2 protein chains.
Amino acid sequence: MYNSEQLLEKVKSALSDVKLDNKPKELYEPISYTLNLGGKRIRPVLVLLACDMYGGDIKYAINPAIAIEIFHNFTLLHDDIMDNAPLRRGKETVFKKWNSNVAILSGDTMFALAYKHLAMSDTMVLHNVLEIFTKAAIEVCEGQQYDMNYETIGDVNIPEYLEMIRLKTAVLIAASLKTGAVVGGADKKDIENIYKFGENVGIAFQLQDDLLDVYGNQKVFGKKIGGDIFTNKKTYLLIKALKDAKGKDLADLKKYYSSTDFDYDEKVKAVTEIYNKLEVNNSTVSLINEYYNKALTYFDLINLSNDQKSILKKYTDNLMQRNF
Amino acid sequence: MYNSEQLLEKVKSALSDVKLDNKPKELYEPISYTLNLGGKRIRPVLVLLACDMYGGDIKYAINPAIAIEIFHNFTLLHDDIMDNAPLRRGKETVFKKWNSNVAILSGDTMFALAYKHLAMSDTMVLHNVLEIFTKAAIEVCEGQQYDMNYETIGDVNIPEYLEMIRLKTAVLIAASLKTGAVVGGADKKDIENIYKFGENVGIAFQLQDDLLDVYGNQKVFGKKIGGDIFTNKKTYLLIKALKDAKGKDLADLKKYYSSTDFDYDEKVKAVTEIYNKLEVNNSTVSLINEYYNKALTYFDLINLSNDQKSILKKYTDNLMQRNF
């Protein structure tokens, strides 16, 4: 069995083998730029980890793994247009560096390239892998639409928010693990359990992302702390605070939340103080633990020895402890 | 064997069966709107025609046919954002009726839905059909990028233009026929010949579209005559005229071509007069005939009886005579 560092190297190597010096260069340069921005390559590593865990030959998992990573980066590319985001991983986004037409079309091409890699899957699993991937792709789009809807409607409740992040983030994590398990030859029951494991890990992972945006270590997190607060992004922390706050705290929260015309540091400090007072950080940590524990109940049902499952367990444990 | 009207009915019926009342409605309403705008459904009909011609059961061709039609409509949706086009088939484009974020994301979802239908192809042909589709999808994106490039660079020569329309328009026509032939059980040689037939028909078809935009019958063409002239679109007619014009004609052409601030009717009349003088219409008709004749040499190589090939022949003959 491989450890996750070895699998990450395999992913990086396969990604660097993706041929992107095609013409017209105006189309392929932004794709190459996007795929070279880096990132933790969590999803393709999960595909390989799950395949390897079942004793599958990871050479059959590498193409679906690359497909999922290209797809993930395509969604970021298009999301950045929709969110009008200037930076991604500390560098200019494609639509800022080039323009939005280039970003739309390069993204479309990446989606097709993802399927090109998926289509190279072994015939035995092709139908299955296609179905998992396409279902996830559609759900990610649905999640992004809910996210956009929630930007403009006033009231979003916690179940609605959790369903949005399930679609936008968790299903692709779950689909990565499920794909690896299918390629590795897992049985039907295990395939469903590893999917549910991934889905709950994914929700916990996104909640943690919300938390780190306020309470993380900037150097480790890689983004300026408080970005979500400053841009009025509806996160679990904000929704929970709006639910719990009363009197002056609620009025202040609504005041800050109604505009982006405040000084960055002043706004982040003031909102964080309200979050502290309401102990929103503790509620978020509890909810993260709740989802991760739920994930682990599905993990326990996976019909392999603890030894066989140890590398995946270690990897997701690490994910859940990043940056603290 | 079915005639093309019967196959069109089958396409329409299958399209109306595509389930699009999902949530969030903000995502699915624009998809439903787009797929209900109508159109001649040429590509899915070609898939079914080719399958039927080989004696294949068209029930195995209907899903790839619908996949190609959804993909085609997705490319129109995204192209309309990039071209800032207000109208499509006489109705508001999605990005005008909703907004560009909705158009981007609904388009992405349509691309995934296209693959969802493609993935329902018979296992025997799945790999093959996926490969044909994905290659065409990537080439269509490349063609659209060349088209955008050519909007901003001054000089485009005729071979560059023909290569652009081959990618943007012809390969999907060719892929439709090839897909139908694969599902219908054609042999390798025929599959290549029907592809080349479709590719040359596709180029002729796009050249004819360029021609009809200037010389068509508005009622039959469905768009206002002269739109390409008014918006300075680089078409075969313009490139050929810029190549052939001299003296005052060239100066006038360049003057009109340098701006969109002219009166619509005045500009279209003046440029059309230059086209008439240079007999650009005749050159275009010659080139259309050249490509259609080239297409027919590949058609003749297809190893079926003339009787078996007659319905497809009649259909493409009709396509080539539309609106005259």
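Residues numbered from 1 in each chain as written. Chains lettered and ligands numbered in written order. Predicted model: local features only at pLDDT ≥ 70, side-chain atom pairs only at ≥ 80, totals over all residues.

*Asks:* Which residues make up the overall build of chain A, and what are the values?
*Replies:* When its secondary structure is counted, chain A shows 16 helices and two strands. Compactness check: chain A gives a C-alpha radius of gyration of 20 Å against a globular reference of 20 Å for 324 residues, within 12% of the reference. Projecting the C-alpha coordinates of chain A onto the three principal axes gives extents of approximately 60 × 50 × 30 Å. Expressed as a percentage of the 324 residues in chain A, the buried residues total 50%. Intrachain contacts of chain A at a sequence separation of at least 6 include 74% that bridge at least 24 residues. (Helix = DSSP H or I, 4+ residues; strand = E, 2+ residues; numbered from the N terminus. Rg over C-alpha atoms; globule rule 2.2 N^0.38 Å. Buried ≥ 20, exposed ≤ 12 C-beta atoms within 10 Å, placed from the backbone. Contact = placed C-beta atoms within 7 Å.)

*Asks:* Got a sec to walk through the relation of the copies chain A and chain B? Specific residues and values, please.
*Replies:* Rotating chain A by 180 degrees about the axis while translating it 0.0 Å along that axis superimposes it on chain B, leaving an RMSD of 0.0 Å. A rotation of that kind, with that shift, is consistent with a two-fold axis. (Least-squares fit on C-alpha atoms with pLDDT ≥ 70 in both.)

*Asks:* Describe the interface of chain A and chain B, with residues and values.
*Replies:* Counting residues at the interface gives 32 residues for chain A, matched by 32 residues for chain B. When residues of the side of chain A that touches chain B are traced back to their parent elements, those giving at least two are α2 (25-35), α4 (62-82), α6 (100-118) and α7 (123-152) of chain A. Here the side of chain A that touches chain B is composed, by residue class, of 18 nonpolar, nine polar and five charged. (Nonpolar A, V, L, I, M, F, W, Y, C, P; charged D, E, K, R; others polar.)

*Asks:* So what about unusual backbone geometry? Which residues, and what values?
*Replies:* The peptide bond linking K23(A) to P24(A) adopts the cis configuration, its omega dihedral lying at 0 degrees. Locating P24(A) in the fold gives a position in the loop between α1 (4-16) and α2. Phi is positive for R89(A), close to 50 degrees, though the residue is something other than glycine. Phi angles above zero are rare outside glycine, and R41(B) is one such case at about 55 degrees. Assignment of secondary structure puts R41(B) in the loop between α2 (25-35) and α3 (42-53). Judged by C-beta crowding, with 21 C-beta atoms within 10 Å, R41(B) ranks as buried.

*Asks:* Describe the environment of I203(B), naming the residues involved and giving the relevant values.
*Replies:* All names here are of chain B. On the secondary structure map, I203 appears in helix α9 (residues 188-215). Taking C-alpha positions, I203 is 9.6 Å from A295, a pair spaced 92 residues apart along the chain. With sequence-adjacent residues up to four places away left out, I203 is seen in contact with L162, I165, R166, A170 and Y291.

*Asks:* I'd like a description of the domain arrangement of chain A, backed by residues and values.
*Replies:* All names here are of chain A. Domain boundaries assigned for chain A yield domain 1 (1-161) and domain 2 (187-324). Distance from the C-alpha centre of domain 1 to the C-alpha centre of domain 2: 22 Å. At the interface, 13 residues of domain 1 touch 13 residues of domain 2. Elements represented by at least two residues in the side of domain 1 that touches domain 2 include exactly α3 (42-53), α7 and α8 (158-184). Here the element with the most residues in the side of domain 1 that touches domain 2 is α3; it accounts for four residues. Broken down by class, the residue content of the side of domain 1 that touches domain 2 amounts to nine nonpolar, three polar and one charged. (Domains from an automatic or database assignment.)

*Asks:* Can you break down the packing of α7(A) against helix α6 (residues 100-118) of chain B residue by residue, with the values?
*Replies:* Relative to each other, α7(A) and α6(B) sit at 165 degrees, their axes nearing to 9 Å. Compared by their axis directions, α7(A) and α6(B) come out roughly antiparallel. Handedness of the α7(A)/α6(B) crossing: left-handed. Touching T134(A), A137(A), I138(A), C141(A), Q144(A), Q145(A) and M148(A) of α7(A) are N101(B), L105(B), D108(B), T109(B), A112(B), L113(B), Y115(B) and K116(B), all from α6(B). Grouping the amino acids of the contact of α7(A) with α6(B) by side-chain chemistry returns eight nonpolar, five polar and two charged. (Axes fitted to C-alpha atoms, helices over the stretch in contact; angles between N-to-C directions. Parallel < 35°, antiparallel > 145°, perpendicular 65-115°, else oblique. Left-handed = near helix turned anticlockwise from the far one by under 90°.)

*Asks:* Any details on the environment of Y150(B)? Residues and values, ideally.
*Replies:* All names here are of chain B. With respect to the helices and strands, the residue Y150 is situated in helix α7 (residues 123-152). For Y150, a count of 17 C-beta atoms within 10 Å corresponds to the partly exposed category. Spatially, the C-alpha atoms of Y150 and S310 are 39 Å apart, while their sequence positions differ by 160 residues. With sequence-adjacent residues up to four places away left out, Y150 is seen in contact with V156, M164 and K234.

*Asks:* Hey, could you go over the confidence of the model for chain A for me, with residue numbers and the actual values?
*Replies:* Detailed reading of the predicted model is not advised wherever pLDDT is low. Counting all residues, the mean pLDDT for chain A is 95, and 99% of those residues have values of 70 or more. For this predicted complex, the interface confidence reaches an ipTM of 0.96, while the overall pTM sits at 0.97. (pLDDT = per-residue confidence, 0-100.)

*Asks:* Now, about α8(A): what can you tell me, with residues and values included?
*Replies:* All names here are of chain A. The terminal C-alpha atoms of α8, which comprises 27 residues, lie 36 Å apart, in line with the 39 Å expected from a rise of 1.5 Å per residue. Residue A170 marks the point of greatest curvature in α8, where the axis turns by about 45 degrees. With respect to burial, α8 is a largely interior element, 22 of its 27 residues being buried. In the segment just after α8, G185 is the residue with positive phi, at about 90 degrees. (Expected span 1.5 Å × (residues − 1). Bend = angle between axes of the 7 residues up to and from the residue.)

*Asks:* Explain the nonpolar core to me, using residue names and the numbers behind them.
*Replies:* In this structure, L48(A), A50(A), A114(A), L48(B), A50(B) and A114(B) are the most contacted members of the largest nonpolar core, which totals 207 residues. Other than its neighbours up to four places away in sequence, A50(B) contacts L177(B), G180(B), A181(B), G184(B), I194(B) and L312(B). (Core = buried A, V, L, I, M, F, W, Y, C linked by C-beta atoms within 7 Å.)

*Asks:* Break down the environment of H127(A) for me, citing the residues and quoting the values.
*Replies:* Summarising the element assignment, H127(A) is placed in helix α7. According to the C-beta neighbour criterion, H127(A) is partly exposed, with 16 such atoms within 10 Å. Ignoring anything within four residues of it in the chain, the contact list for H127(A) reads A119(B), T123(B) and L126(B).

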